[in-house]
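Working through the structure, step by step
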Amino acid sequence: MNEKIDTIATSNRIRKLRITLGVIWNLGLVFFIMFLIGFVFMFSIGVGYFASLVKDEPLYTKEQMRKQIYNYEETSEMYFAGNVYFGKIRTDLERKKTTLDQVSPILIKAVLATEDEYFYEHNGIVPKAVFRGLLQDFTNASTQTGGSTLTQQLIKNQILTNEVSYERKARELLLALRLEHFMTKDEILEAYLNIIPYGRNASGRNIAGVETAAQGIFGISASELNLAQAAYIAGIPQAPFSYTPYMQSGKLKSEEGLKPGIERMKTVLYRMKQAGYITEKEYEETLKYDITKDFKEPEAQKVKYPYLTFEIERRAKEIMARILAEKDGIDPERLDEEENLYEKYIILADRDIRSGGYRVYTTIDKKLYDAMNKAAEDFKYYGHTYTKKEIDQETKQEMEVPDPVQVGSILIENKTGRILSFVGGRDFEITELNHATQAYRPNGSTMKPLLVYGPAIEYGLIGAGSPVVDVKFSYRGWAPTNYIASEERGIIPAREALAHSQNLTAIRLYDQIIDRRPAELLEKMGFTKLTKGDYENLAAAIGAIEYGTTVEENTNAFATFANGGKFIDAYMIEKIEDVGGNIIYQHEPEPVEVFSEETSYIITDMMRDVFEYGTGMKARSTLKFSSDFAGKTGTTQEYKDVWLIGYNPNVSLGVWLGYDQPRTLYQFNNIYFQPSTRINLLWASLMNAAYDVNPEFIGTKEKFQKPEGVVNASFCGISGMAPSKACSDAGLVRSDLFIRKFVPTATDNSFISSDTKTVNINGETYLALDSTPQEFTYPASGISLNQEFIKKILGRLGGNPEKLLGKDILKVANAKTFHPDQTAPQPVSVIVQGNVLSWSPSASNDVVGYRIYDLTGGGKKLLASVRSGATRSITVGNGLFGVVAVDITGLESPISQTQITSDGIEENPKTNEPIEHEQPANENENQEIQLQSYHSNSQKTQHKR
């Protein structure tokens, strides 16, 4: 037997099997070792990565962690200027603290079954759930099951944020483990039940904590909840605003809107049954329970100052986010560059400012705010209110809502930047958008002094009255027009162009300075949403910037002129104190030099004319007081936006009107007046309301003072250069304000000399050439602009030079340049009737006149010269006569001869010379312009005082 076994064992087959098994064993051992090494390696990497994620996490002490977990008790307060209290920070979160023994045991079971079945067994985290979540994340699984324990949720809500990142998750895990060492399970559960969000209550307010949820949804205490009510509340935290039974208004959702919350309640009941917390019978009975009959009736709530409350909260969060970041050793400027970091600290700041017991002191004057908002409410001429369809974000149903003309207005103290008052909109219940501080709209012609005229003065290109060009052009397919589309005023003073808000002048002037990047000045003045295109687009000159600007930004920029060229950023929060009375934030103004004092005064002086005789006249006439006001109106295409911003030495008031979804305001003008009139009336109404509250401050008698560097200087009204004799002779010398160092010194060279001659060719007037025979020329009536000047003043945008000298300044005669063909003209045909010699016109197109020669006796004596356009006939006596045509260069045609034998020649009784019968030349305008006479309009265009 043994021999047989030995034989088998030593056989080839067994040997091969033994070798194979050995190889498999060794390979298995190798793979196992490799797996073990890989696992250790990956585990080490994971641990290292985890460590890198939490390396900057501060090592909280027990006291610090417990303090942050229980930080949900103090409500912050807000104050008007002068320490006038007006309310608590709208936490938008109602919370009533409770203890674990005051909570229904069935609710506790519902929460544990739904949120953390192994709460009393784990040490803060459930590794299986963590790895499951990581796997789902790596595989981008469509179903995300979550895995956060109650401890983790507590950490996320009270210490961290909802930021979605591995770093935040790693910190959450670390802190959850640490918290389990510092708090008991019951303490953690009690804190959780007090801080977790539970949607909205019957007033529409956000609620947190089970006691608040029980009272806000069912009207009973958390200790009185039945099984169905407990299951409903326990299910809400997964998606609070989907499962809550109430909308933001406090209204109960529709049957369809309630369905998700009821389905979630059934899910909670099922998990409670699976966990053994309820029996099958209890489960089945509760499924049939009508939970809707237990919901509280809606309760109305109204915030007295909603726009103000929301705005203060928003600004306080921005301030607090930077304070918290700086406390963590992070440069606050990084929040402007890193979106995730910004979101993180805004969440932390929101939580802190709402529950930290702070006192927020603002710049808002209560009396001014009340008066201006009452005036806005009483205004009758906004325009038509439409309706529009919207999808309710909670019910997902379409509803019809009003769409009125909205208003945004702000009043800023110039010297400090304090926002004294604002009007955020027509009705907060229609839209919560603050149209004074957050609505970005194109600012139309209010852009012109900021981006065009102000910079052009600063660069020394123009003074207040310097000539600018109001002539149409087409550039890359773009052909803008003035408000009156057919209007072209030609060369007009900058002062007049700004007062009447001419688009063409602004665009042309901007084209001359755009290479100097004047949009950088807008950035200095607080325009926050400028794009690369806004720096390059000519349409920006008339307010066509990509994202637009807010009423606050636009008004704040105008206050720069009132401040002598220094931009002082507008602000609303004066200081913030903590619960102990310590000042943690105090506003400190940081003026930015944008324009010189000289530029600011000149542009201000120009904008005085807006109220004096320009587009703001109606506002000025509606004011109940007088003050040194300057400002600018603005409209956008199709009257979708209208603006008026005006300022005196103390305050700047900006007003905007428009629809939230832009549409024309140019409707129902017979009821509401034209949009430009409406904005004038509204601006004056708001300013009058402010004046009634503080007449001495709002209606200050102080005037803007002219700096020493601003002088009144003379210049040629056509070219803007120092006056020449030709300009003076034409009556075109003007005077206005300049920055002293930019007073024009180069003498005007825009005119051709006064001895210029013209000729008539086929009824058109042309400039004579040096070789043109003088007998065929006419003296020019006045003086003419030279071609180089015309080309220069029209610039690269070009345009029709005939339109340069508008009817309000000059009457223009036509004087074009003719380009001759350098060949002799064609001969004429001669006709004789008695003693009258006449001839046909030459077929050539460059003939300036005709010469009649007496050829009698073989000589060639010039008998008469007749200009082109005059009667082609002459009375002669007996003899041989010839007629030639003469072109503009002086060349003659071949002579056409005729013999007259009749007696008698008609002679001029004074000179005994043949009578020349002429017809007046047709005087039209064209390429080279001859000035005939100056129509004085000094009362209209000269500098106003």
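The structure this text deals with has already been given above.
Below is a summary of the structure that appears in this document. (Residues numbered from 1 in each chain as written. Predicted model: local features only at pLDDT ≥ 70, side-chain atom pairs only at ≥ 80, totals over all residues. Heavy atoms only, no water.)

Turning next to the packing of helix H17 (residues 447-458) against helix H23 (residues 597-612). Here H17 crosses H23 at 125°, and the two axes come no closer than 9 Å. Viewed along their axes, H17 and H23 adopt a mutual orientation that is oblique. Pair H17 / H23 crosses with right-handed handedness. For the pair formed by H17 and H23, the contact residues are Pro449, Tyr453, Gly454, Ile457 and Glu458 on the first element and Thr599, Ile602, Ile603, Met606 and Met607 on the second. Counted by class, the contact of H17 with H23 contains seven nonpolar, two polar and one charged residues. (Axes fitted to C-alpha atoms, helices over the stretch in contact; angles between N-to-C directions. Helix = DSSP H or I, 4+ residues; strand = E, 2+ residues; numbered from the N terminus. Parallel < 35°, antiparallel > 145°, perpendicular 65-115°, else oblique. Left-handed = near helix turned anticlockwise from the far one by under 90°. Contact = heavy atoms within 4.5 Å. Nonpolar A, V, L, I, M, F, W, Y, C, P; charged D, E, K, R; others polar.)

Two faces, one strand: in a regular strand the side chains alternate between the faces of the sheet. Most of strand S23 (residues 757-761) sits inside the fold, with four of its five residues counted as buried. Bridge count between S23 and strand S25 (residues 778-779): two bridges; the pairing is antiparallel. What sits directly across from Thr758, in S25, is Tyr778. Two elements, S23 and strand S24 (residues 764-767), share four bridges in a ladder whose sense is antiparallel. (Buried < 20%, exposed > 50% of the residue type's maximum accessible area, 1.4 Å probe, protein only. Pairing = 2+ DSSP bridges.)

Right, let's talk about the pairing of strand S34 (residues 896-900) for a bit. Only one face of S34 is buried: it carries Ser896, Thr898 and Ile900, and the other face, with Gln897 and Gln899, is open. Sheet topology note: the strand S33 (residues 879-887)/S34 ladder contains five bridges and is antiparallel. Bridge pairing links Leu880 to Gln899 in S34.

Another aspect to go through is the environment of Asp392. Inspection of the secondary structure assignment puts Asp392 in the loop between strand S7 (386-391) and strand S8 (398-403). Sequence separation of Asp392 and Met247 is 145 residues, and the distance between their C-alpha atoms is 9.4 Å.

Further remarks concern the sheet that holds strand S15 (residues 583-586). If you walk across this open sheet you meet the five strands as S2-S1-S6-S14-S15, and the pairing is mixed. Edge positions in the sheet fall to strand S2 (84-88) and S15, since each of these pairs with one other strand and no more. The average undirected angle you get between the axes of adjacent strands in this sheet is 20°. Alignment of strand S1 (residues 77-80) against S2, held across four bridges, turns out to be antiparallel. What sits directly across from Tyr79, in S2, is Tyr85.

By the secondary structure assignment, Gly658 is in strand S19 (residues 651-658). When the C-alpha atoms of Gly658 and Gly408 are compared, they prove to be 8.9 Å apart, with 250 residues separating the residues in sequence. The contacts of Gly658, once residues within four sequence positions are left out, are Val405, Gln406, Lys640 and Leu665.

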